[in-house]
Amino acid sequence: MQWTVERKDAWETDADVVLVGLLEADKDAPFPKSLAADDARSGGALAAAWTRGEVRGKRGEITVLTLTGGTRRLLVFGLGKAERYGAEACRVAGGFVSKALRGKGGKVGAVRAASIAVRRLAVPDALAAFADGAELASYEFKRYKTTPRPAPLDNLVGALGKEHAAAAASVRKALDRQRLITDSVLWSRDIGNLAADTATPEFLAEQALSLGKEFGLKVTVFDEKQLEEMGCGGILAVGGGSTHHPPRMIAIEYAGKGARPPKTVALVGKGITFDSGGISIKPALAMAEMKFDKSGAVAVLATMRAVAQLKVAPRVVGVMCCAENVPSGTAYRPGDVVRTFGGKTIEVLNTDAEGRVVLSDGLSWVNATHKPNEIIDLATLTGACVVALGYDNAGLMATDDRLAAELLKASSASGEPLWRMPVTSLHHEMVKSEVADVRNSTESPPAGALTAAAFLSAFVGDTPWAHLDIAGTAYVSGAGARFAPPYNPGGFNGFGIRLLCRYLSGMG
Ligand code: BES
Ligand code: MN
Ligand code: ZN
C-alpha cells in the first residue's frame, strides 16, 4: 500500500472510497454537522443510516455506502469514545478500515485528515498512526499460501483539505518516518512467522548478515566453536540438544549519529527458534506456538534495520541469542551446572527455563565488550507473565527509573503497552543456588516472571537495565485472536519494534 498526501478534501481526490472517521456519539444525538457534505454526496443515505441507529462512531464500527450514479463509495468508521481517543485509537481505526476493505475491489482510499485529527491528536500523528494501523492490518504471511488474499487498497491518500493544507510538509515527514518503522515491522513478521524448520539459528545469522550488507551495519556471528572459546556455556548448553541446528550469537552494530554519539544502547533478544522444553519437555498442546520463542531476537533484528534508516542519535548494539531447545542424547539436563561468559555459574533445574540461560551470555557479553550505557532485553520469557498480564501488556522490569519511565512513554505512544512489575530482594533470594551462583528455576511457582527477571539481573552488573517479557504480546494465536487489535492479524506481531524506535529516536 502506498501512502500519499494531498491538499484537497477527500471528495476532490480520485479515490474510489472516501474514508471519514467519527467519534462516538450518544444514542439520541442529532446527526453530526461535520457529516453534512458527506450526507449530501450520499443523497441522504448517511443521515438515514444515522436515524436507524446504524452509525454512532463506536470503536470498530464500519458503514459503507455506495453512491448512486457512480462507482464511488463512502466509508464511515468509528473512532470510539472521545475521552479515550489518541494515536492508538486512530491506529485501531486504520486497522478496522483496512480489514473492511479487503477483497472489496477498492484501489484508492482517501481519508479525511480533519476527521481523525480530533481531540488532542495532531494531523501528522493522526495520519501516521492511521496508515500504520491500516498497513499492519493488511499484512498476510504469504509464504505457505498458494493463493494469497487481495490487498485492501493500493493507495491510501491523506486528504488534508483546506483546514490542514498548510501542514503538508510535516505530514509528509511524519509519514516517511512512520513508513520506515512500519516496513520493518512487516519485514519482521515474514521472519517471525517462519516455522522452526526454516528459521534456524543459522538462518537468523544469515538474515542479520544480509541486513548488515544492505544497511551498512557491522554484523558478527559467533558459531559454536567461537562460543566455546568465549566461554558462552549458557547458549552452548541450551543449543547442545540440537545436532542439526547449532546455536549462534549474533551481534549487529549501528555506529550512531555523528562522531560522538550521546550514548550506547544494547538490545538483547531471546532467539529460541523452537522451545520444546528440552529434557523437561512441554505438553504437546503448548508446543506448536513455541516457534515464536525467537520473537525477542527477531524484534531486535528488525529494530536494527529501522534504526539504521532512521539514523537515530545513539550507538545501538543488537545481540541475538539463538538456539534450538530440543531433547536428545546431547541435550543439557536438569541438575547440570553451566558456566557462562564472564564466569558466573547456573544450576539448571528445568531445561524449559532456557531463555534466561541463553540471555545470561548475551547480557554479560555485551555489557563487558561494548560497555553500554543501558541494556534493554526482549524475551518471550515466562508463561507466568501471560498469566499475570494477559495478551496486551508486556511485563517491564527495570533497575533504572528513568529508563523505565522513558520506555513507558514510548510504549503508550506506539500502542505497545508495558506494565512495570517489581523485582524485590525476595525474588533475588529465590534464584540463589546451593551449588552454583544462580539457579534457573525455583521449586515454588509464584511470581515466575519476577524470579526470571531477578535471574537476568545477575548478568548486567550495574548497567541500567530494562527487561521486557513479551511472552503474551509477541504473537497472536488461539484464544488470543478474539481480543487482538485489528492491526495484529494473527501470528507474530513484531511487538517492541515500534516502541524501541520511538525510544531510540528520543521521541518517548
Ligand atoms: N518460552 C517459554 C515461555 C512462554 C510460555 C512463552 C508461553 C510464550 C508463551 C519459556 O521458555 C518457558 O518455558 N518458561 C517456563 C519457565 C519455567 C520452567 C520456570 C514457563 O513459563 O513455564
Ligand atoms: Mn522454555
Ligand atoms: Zn522459551
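Residues numbered from 1 in each chain as written. Chains lettered and ligands numbered in written order. Predicted model: local features only at pLDDT ≥ 70, side-chain atom pairs only at ≥ 80, totals over all residues. Heavy atoms only, no water.

### A short note on the packing of aromatic side chains
Thinking step 1. Throughout the structure, instances matching the rule amount to 6 aromatic pairs.
Thinking step 2. A centroid spacing of 5.8 Å and a plane angle of 85° characterise the contact between Phe31 and Trp50, whose relative ring orientation is edge-to-face. Of this pair, Phe31 sits in the loop between strand 2 (17-23) and helix 1 (36-41) while Trp50 sits in helix 2 (residues 45-51), and the two are 19 residues apart along the sequence.
Thinking step 3. On the basis of relative accessibility, which here comes to 4%, the residue Trp50 falls in the buried class.
Thinking step 4. Consider the rings of Phe292 and Tyr475, whose centres lie 4.5 Å apart with planes at 20°: the pair is stacked. Pair noted here: Phe292 is in the loop between strand 9 (264-275) and helix 11 (295-310) and Tyr475 is in strand 18 (residues 475-476), with a separation of 183 residues, a long-range link. (Phe/Tyr/Trp six-rings, centres within 6.5 Å; stacked < 30°, edge-to-face > 60°. Helix = DSSP H or I, 4+ residues; strand = E, 2+ residues; numbered from the N terminus. Buried < 20%, exposed > 50% of the residue type's maximum accessible area, 1.4 Å probe, protein only.)

### Notes on the coordination of the manganese ion (ligand 2)
Each pair of donors in an ideal octahedron of six around a metal sits at 90 or 180 degrees, and each pair in an ideal tetrahedron of four sits at 109.5 degrees.
Thinking step 1. Here the manganese ion (ligand 2) is held by the protein donor atoms Asp275 (OD), Asp352 (O), Asp352 (OD) and Glu354 (OE), which lie 2.0 to 2.2 Å from it.
Thinking step 2. Because the angles between the 6 donor atoms bound to the manganese ion (ligand 2) fall within 71 to 168°, the donor set is best described as irregular.
Thinking step 3. For the manganese ion (ligand 2), the single-chain donor residues occur in sequence as D-x76-D-x1-E.
Thinking step 4. Metal-to-metal, the separation of the manganese ion (ligand 2) and the zinc ion (ligand 3) is 3.1 Å; Asp275 coordinates the two.
Thinking step 5. Its relative accessible area of 22% is what places Asp352 among the partly exposed residues.
Thinking step 6. Judged by its relative accessible area of 1%, Glu354 falls in the buried class. (Donors = N, O, S within 2.8 Å, 3.2 Å for Na, K, Ca; no water. Tetrahedral: all angles 85-135°; square planar, octahedral: opposite > 155°, others 65-115°.)

### Considerations on the site of ligand 1
Thinking step 1. Residues in contact with ligand 1 amount to 16 residues; listed here are only the nearest, Lys282, Asp293, Asp352, Glu354 and Gly383.
Thinking step 2. Measuring from an oxygen atom of ligand 1, one finds a side-chain N or O atom of Asp275 at 2.9 Å.
Thinking step 3. Between an oxygen atom of ligand 1 and a side-chain N or O atom of Asp352, the distance comes to 2.8 Å.
Thinking step 4. Expressed as a share of its isolated accessible area of 520 Å², the protein-covered part of ligand 1 is 78%.
Thinking step 5. Split by residue class, the shell around ligand 1 holds 5 nonpolar, 4 polar and 7 charged. (Near = heavy atom within 4 Å. Polar contact = N/O pair within 3.5 Å; in protein donor to acceptor, adjacent residues only side chain to side chain. Areas by Shrake-Rupley, 256 points an atom, 1.4 Å probe, with all protein chains shown as cover. Nonpolar A, V, L, I, M, F, W, Y, C, P; charged D, E, K, R; others polar.)

### Re the nonpolar core
Thinking step 1. The biggest cluster of nonpolar side chains holds 68 residues, and the ones touching the most others in it are Ile250, Ile252, Leu267, Met320, Ile376 and Leu407.
Thinking step 2. Counting residues per element, this core draws most heavily on helix 11, which supplies 11 residues.
Thinking step 3. Here this core spans two domains, and each of domain 1 (2-167) and domain 2 (185-505) adds at least three residues to it.
Thinking step 4. Beyond its immediate chain neighbours, meaning those up to four positions away, Ile252 contacts Ala208, Leu217, Lys218, Val219, Leu301, Met304, Val316, Val317, Gly318 and Met320.
Thinking step 5. Counting residues in each nonpolar core, the second largest holds 46 residues, with Ala251, Leu363, Leu389 and Met397 among its members. (Core = buried A, V, L, I, M, F, W, Y, C linked by side-chain atoms within 4.5 Å. Domains from an automatic or database assignment. Contact = heavy atoms within 4.5 Å.)

### A word on the domain arrangement of the protein chain
Thinking step 1. If you check the domain split of the protein chain, you get domain 1 (2-167) and domain 2 (185-505).
Thinking step 2. Computed over C-alpha atoms, the centres of domain 1 and domain 2 are 37 Å apart.
Thinking step 3. Taking both partners together, domain 1 and domain 2 bury about 1,400 Å²; carbon and sulfur atoms supply 64% of that area.
Thinking step 4. Contact with domain 2 buries area across many residues of domain 1, yet Leu136, Tyr139 and Phe141 alone supply 43% of it, more than any other trio.
Thinking step 5. The interface formed by domain 1 and domain 2 holds 1 salt bridge in total.
Thinking step 6. Ionic pairing is found between Arg498 and Asp132, a salt bridge with its closest N-O pair at 3.4 Å.
Thinking step 7. Here domain 1 and domain 2 share 8 residue pairs in polar contact (both at pLDDT 80 or more) between them. (Buried area = accessible area lost by both parts, 1.4 Å probe. Salt bridge = Lys/Arg side-chain N within 4 Å of Asp/Glu carboxyl O.)

### Overview of the state of the cysteines
Thinking step 1. Counted under the stated rule, the structure contains 0 disulfides.
Thinking step 2. For Cys232, which is in no disulfide, the shortest distance to another cysteine sulfur is to Cys321 and amounts to 8.5 Å.
Thinking step 3. Note on Cys322: no disulfide assigned, nearest cysteine sulfur contributed by Cys321 at a separation of 7.1 Å. (Disulfide = S-S within 2.5 Å.)

### What to know about empty space enclosed by the protein
Thinking step 1. Enumeration over the complete set of coordinates arrives at 1 cavity of 30 Å³ or more.
Thinking step 2. Its boundaries defined by the atoms lining it, the largest cavity holds a volume of some 50 Å³.
Thinking step 3. Considering the residues around the largest cavity, the lining is formed by Trp3, Thr4, Val111, Leu127, Ala131, Leu156, Val157, Gly158 and Leu175.
Thinking step 4. Mapped by element, the contributors of at least two residues to the lining of the largest cavity are strand 1 (2-6), helix 5 (123-137) and strand 6 (155-159).
Thinking step 5. Of all the elements, strand 6 adds the most residues to the lining of the largest cavity, at 3 residues.
Thinking step 6. Looking at side-chain class alone, the lining of the largest cavity contains 7 nonpolar, 2 polar and no charged residues. (1 Å grid on protein atoms, 1.4 Å probe; cavity = no way out; pocket = protein on both sides within 12 Å on 5 of 7 lines; lining within 4 Å. Points joined across faces, edges and corners; volume = space filled by probe spheres on them.)

### Concerning the coordination of the zinc ion (ligand 3)
Thinking step 1. Taken together, Lys270 (NZ), Asp275 (OD), Asp293 (OD) and Glu354 (OE) make up the protein donors of the zinc ion (ligand 3), found 2.0 to 2.4 Å from the metal.
Thinking step 2. Coordination at the zinc ion (ligand 3) comes from 6 donor atoms whose angles at the metal span 78 to 172°, giving a geometry best classed as octahedral.
Thinking step 3. Each donor residue of the zinc ion (ligand 3) lies on one chain, and together they are spaced K-x4-D-x17-D-x60-E.

### Quick look at the packing of helix 5 against helix 7 (residues 168-192)
Thinking step 1. At their nearest, the axes of helix 5 and helix 7 sit 9 Å apart, and the two run at 25° to each other. Taken together, helix 5 and helix 7 sit at an angle that is classed as roughly parallel. The element helix 5 and its partner helix 7 pack so that their crossing is right-handed. Taking contact as the criterion, the partners of Val123, Pro124, Leu127, Ala128, Ala131, Asp132, Glu135 and Leu136 in helix 5 are, on helix 7, Ser170, Val171, Ala174, Leu175, Gln178, Arg179, Thr182, Val185, Leu186 and Arg189.
Thinking step 2. Residues of the contact of helix 5 with helix 7, tallied by class, amount to 11 nonpolar, 3 polar and 4 charged. (Axes fitted to C-alpha atoms, helices over the stretch in contact; angles between N-to-C directions. Parallel < 35°, antiparallel > 145°, perpendicular 65-115°, else oblique. Left-handed = near helix turned anticlockwise from the far one by under 90°.)

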